[in-house]
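# Coordinates in review
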Amino acid sequence: MLRPLTSALRLLRPWKPLQTRGCASDEAARGREIQVRALEGPDQGITEILMNRPRARNALGNVFVSELLEALAQLREDRQVRVLLFRSAVKGVFCAGADLKEREQMSEAEVEVFVQRLRGMMTEIAAFPAPTIAALDGFALGGGLELALACDLRVAASTAVMGLIETTRGLLPGAGGTQRLPRCLGVALAKELIFTGRRLSGTQAQVLGLVNHAVAQNEEGNAAYHRARALAQEILPQAPIAVRLSKVAIDRGMEVDIASGMAIEGICYAQLHIRLLQETASSLEECKQYASRG
């Protein structure tokens, strides 16, 4: 129990800001399937991951997965990221799932490697130190919903369509869906949705608890994004270390019995106290140095 927790707490070390940060408006970034946009002004601290593969409806292909893994690896080291928001740059779709056309060209061995990378990507999203929010303004099917399930919070347009539909294609959810959906909705309901391959609207998903909020879609097709951004703005004023440690306590605690979970909470609480003392000592030292210069 303690070894994974120690690894998670290690992620809360003081981070170094990146030398460069991708931006969707940069000419060099426009052709990428994954674009990173750091918001400014009152939204500073919110970073967006824009999925931008319009011809394939944001299907999860090799390039897509590689670029997203690269972005996550960089952003997890950036202390300026307080909330990470996943959204689509393609109107009407969040993510259509695995790229089956690309998969048809793979050998069995290549498929196995790709699925392992896909699982690893979902794990990286779930383990991201800061809160993550998925804005579902359109279709989120198969791996697309698995990506959303890997996020901490989900916001959907009422007209969005989502589901783990793999059984309708002779497959089963292979990127965490069989594990994260039961933890989200309970075993019986998750089995029903996976066994039937049922598709849900955003409104239905909210009733079941699959998404945190469902909002009426607007003419621009980005209502979920705006609600997700408002949710991120609610998180921004809160103490970042406390928020991240709360995430660790909840995520690790859900994997064990409640007694062990309480122990994990105690470890996180102690870690927060240590960090606060360190910050206080650092501030006092800065004040002394400033006073000595006067």
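Here we summarise the structure given alongside this text. (Residues numbered from 1 in each chain as written. Predicted model: local features only at pLDDT ≥ 70, side-chain atom pairs only at ≥ 80, totals over all residues. Heavy atoms only, no water.)

Following both chains from N to C, one finds helix α4 (residues 108-126) and helix α5 (residues 143-150) inclined at 30 degrees, their axes separated by 8 Å at the closest point. By the angle between their directions, the pair α4 and α5 is classed as roughly parallel. On the side of α4, the interface is formed by M121, M122, I125 and A126, while α5 contributes G143, E146, L147 and A150. Its residues assigned to classes, the contact of α4 with α5 shows six nonpolar, one polar and one charged. (Axes fitted to C-alpha atoms, helices over the stretch in contact; angles between N-to-C directions. Helix = DSSP H or I, 4+ residues; strand = E, 2+ residues; numbered from the N terminus. Parallel < 35°, antiparallel > 145°, perpendicular 65-115°, else oblique. Contact = heavy atoms within 4.5 Å. Nonpolar A, V, L, I, M, F, W, Y, C, P; charged D, E, K, R; others polar.)

The next point concerns the sheet that holds strand β6 (residues 139-141). Read from one edge of the open sheet, four strands run β4-β6-β8-β9, paired in mixed fashion. Of all strands in the sheet, those bounded by a partner on one side alone are β4 (93-95) and β9 (200-201). In this sheet, β6 lies alongside β4 in parallel orientation, the contact comprising two bridges. Bridge pairing in β6 places V93 opposite F139. (Pairing = 2+ DSSP bridges.)

The next point concerns the layout of surface pockets. Its volume calculated, the largest pocket comes out at about 1,100 Å³. Lining the largest pocket are 36 residues, with A126, A150, D152, R180 and D251 sitting closest to its centre. The set of elements that each furnish at least two residues to the lining of the largest pocket consists of α4, α5, β7 (153-157), α6 (177-185) and α10 (240-253). It is α10 that provides the largest number of residues to the lining of the largest pocket, a total of eight residues. A class-by-class count of the residues in the lining of the largest pocket yields 19 nonpolar, five polar and 12 charged. Computed from the structure, the second largest pocket encloses a volume of approximately 370 Å³. Around the second largest pocket, the lining is made up of 21 residues, and of these R103, E166, L171, L172 and G174 lie nearest the centre. Counting only elements with at least two residues in the lining of the second largest pocket, the list comes to α3 (100-104), α4 and α5. For the lining of the second largest pocket, the per-class residue count stands at 11 nonpolar, four polar and six charged. (1 Å grid on protein atoms, 1.4 Å probe; cavity = no way out; pocket = protein on both sides within 12 Å on 5 of 7 lines; lining within 4 Å. Points joined across faces, edges and corners; volume = space filled by probe spheres on them.)

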